[in-house]
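Architecture and fold: a report
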Amino acid sequence: VDFFSALLTLRVLSVNDRPFFTLAPSLTVNEDIYTAAPYRSSAILSGVSTGAANEGSQSLAFSLVLVDGASDLLVSAAIEESGGVWRLVFQTVSQKSGHVTYTVTA
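1. Remarks on the environment of Ala 61
Within the secondary structure, Ala 61 sits in the loop between β2 (39–49) and β3 (63–69). Under the relative-accessibility criterion, Ala 61 is labelled exposed at 59%. In this structure the C-alpha to C-alpha distance between Ala 61 and Thr 92, which are 31 residues apart in sequence, comes to 23 Å.

2. Comments concerning the layout of surface pockets
Here the idea is plain: a probe the size of a water molecule rolls over the atoms and shows the empty space left. If you add up the space inside the largest pocket, you get close to 630 Å³. Contributing to the lining of the largest pocket are 26 residues, with Leu 27, Thr 28, Leu 88, Val 100 and Tyr 102 lying nearest its centre. Listed by contribution, the elements that provide at least two residues to the lining of the largest pocket are β4 (74–82), β5 (85–92) and β6 (100–105). Tallying contributions element by element places β6 first for the lining of the largest pocket, with 4 residues. Its residues placed into classes, the lining of the largest pocket shows 16 nonpolar, 8 polar and 2 charged.

The rules we used
- Residues numbered from 1 in each chain as written.
- Predicted model: local features only at pLDDT ≥ 70, side-chain atom pairs only at ≥ 80, totals over all residues.
- Heavy atoms only, no water.
- Helix = DSSP H or I, 4+ residues; strand = E, 2+ residues; numbered from the N terminus.
- Buried < 20%, exposed > 50% of the residue type's maximum accessible area, 1.4 Å probe, protein only.
- 1 Å grid on protein atoms, 1.4 Å probe; cavity = no way out; pocket = protein on both sides within 12 Å on 5 of 7 lines; lining within 4 Å.
- Points joined across faces, edges and corners; volume = space filled by probe spheres on them.
- Nonpolar A, V, L, I, M, F, W, Y, C, P; charged D, E, K, R; others polar.

Next up, the structure:
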């Protein structure tokens, strides 16, 4: 019996593993306290990681997308890192109250 054989090469390529984090469930502040200067929360994110160990040199940036609530409640909102602590930084509009819900993406 005759046989025919050939070589097969299989390559497994690395991919950009997704970052991960745990987000604090909610934050409540009183009206009109943070209109003059931005409020910096305590840690709003924990367990922040760029993904797999081989991606540790990558930097992270977070985006906030409004999904529910009053779009005119805040002057600005962002997530910033300082000294390894990730905080929500925002400034409220005078005489406004209500709620906002954001999707946070890294």
